[in-house]
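Tertiary structure, described
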Amino acid sequence: MESLKVLLDNNQKWAAEQVAADPEFFARLAKQQAPEYLWIGCSDSRVPANQITGLAPGEVFVHRNIANVVVQTDMNMLSVVQFAVDVLKVKHIIVCGHYGCGGVKAALDNQRHGLIDNWLRHIKTTARVNEEELSQLEGTAKIDRLCELNVLANACNVSRTTIVEDAWSRGQQVDIHSWIYRLDTGLISAAGKAIRGPGA
Ligand SMILES: [Zn+2]
C-alpha cells in the first residue's frame, strides 16, 4: 500500500500544479476531448505516448498493446480506431514501435512464451515475409530491423481497416504514420513514409 500511496500523493500534487498553472484546465477537459492524434504504441512502460511527444491530457487518444500490433479482427483496436476516426475526427494515426522491443525479440527467438505466442504470431509472419532481408542480419541489427518492419506492416494494416477505407472514401483526411522510438536516446524517427488517403 505504501507504494500506491506515493502514486496518490503524486496525483494530488500534479492536479494542484495543473490548476495553479491553468485554473480552467480540468473544467475544460471534463466537458470534451478533441485530440488530433491517435497513437497506437507498445505497452512497454518506457514508451509513454504523452510524455515522449510533450502532449498534455486531451491531446492524444491512445491504444497500446504488446509490440504495437494491428490485427483487423481485434475488436479492442478496431473500436478505438473507429471512435478516433468517426467521432473524434483525428487527423493523424501514429503507429509507434520502439527499438529493442521485447515482443519483437520474443517473436524471433524460437522459444515458447505461453499464450502470448499467439499474439506474436503476427510478428513472426512479418519476419517470414521479410526473411530474405532479415537473414542478412544478426543479433540487435536483426531485431531492430524487424521492429521497423513491424511498424510498417501495422501502419499498413491500419490503412486497410474498413474504418480508414470508409473515411478516405468520403474525403476525410486521416494520415497514417510509421514511427519508431529509440530507448537509449529518447528520440523518435520515421520508419517509412506516411500513408495518405487518395484525396490527400
Ligand atoms: Zn515493445
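For every chain, the first residue of the written sequence is number 1, and numbering continues from 1 along that sequence. The predicted nature of this model means local features are confined to residues of pLDDT at least 70 and side-chain atom pairs, given and counted, to a pLDDT of 80 or more, with totals for whole chains, interfaces and linings taken over all residues. As a convention, hydrogens and water are excluded, and side-chain values are obtained from all of the structure's heavy atoms.

By the naming in an unreviewed UniProt entry, the protein is Carbonic anhydrase, taken from Haloferula sargassicola. UniProt positions are given in the numbering used here, feature names are shortened, and annotations may be inferred rather than shown by experiment. Turning to the protein, the UniProt annotation filed under Catalytic activity (unreviewed entry) states: "hydrogencarbonate + H(+) = CO2 + H2O". Under Sequence similarities (unreviewed entry), UniProt gives the following word-for-word description of the protein: "Belongs to the beta-class carbonic anhydrase family."

**Looking at the coordination of the zinc ion**
Any N, O or S atom lying within 2.8 Å of the metal counts as a donor, with the limit raised to 3.2 Å for Na, K and Ca; because water is left out of the atom set, some sites can appear incomplete. Looking at the metal site, the zinc ion is ligated by Cys42 (SG), His98 (NE2) and Cys101 (SG), spaced 2.0 to 2.3 Å from it. Along the chain, the residues donating to the zinc ion fall in the pattern C-x55-H-x2-C. Each of the two residues, His98 as well as Cys101, counts as buried. A simple rule labels every residue: compare its accessible area, found with a 1.4 Å probe on the protein chains alone, to the largest value its type can have, and call it buried under 20%, exposed over 50%, or partly exposed in between.

**A few points about the packing of helix α4 (residues 75-87) against helix α9 (residues 162-169)**
Lines are fitted to the C-alpha atoms to define the axes, a helix being fitted only along its stretch in contact, and any angle between axes, read from their N-to-C directions, falls within 0 to 180 degrees. Runs of E in the DSSP output that reach at least two residues are strands. Runs of H or I that reach at least four are helices, and both are numbered from the N terminus. It is the contact of α4 with α9, at a shortest axis distance of 9 Å, that shows an interaxial angle of 20°. Relative to α9, the element α4 is oriented roughly parallel. Viewed along their axes, α4 and α9 form a crossing whose handedness is right-handed. On α9, the residues touching Leu78, Val81, Gln82, Val85 and Asp86 of α4 are Ile163, Val164 and Ala167. In terms of residue class, the contact of α4 with α9 is built from six nonpolar, one polar and one charged. In this scheme, roughly parallel covers angles under 35 degrees and roughly antiparallel covers those over 145, while 65 to 115 is roughly perpendicular and the rest are oblique. Rotating anticlockwise by less than a right angle from the far helix to the near helix defines a left-handed crossing, while the corresponding clockwise rotation defines a right-handed one. Throughout, a residue-residue contact means that at least one pair of heavy atoms, one from each residue, lies within 4.5 Å. Residue polarity follows a fixed list, in which Ala, Val, Leu, Ile, Met, Phe, Trp, Tyr, Cys and Pro are nonpolar, Asp, Glu, Lys and Arg are charged, and the others, Gly among them, are polar.

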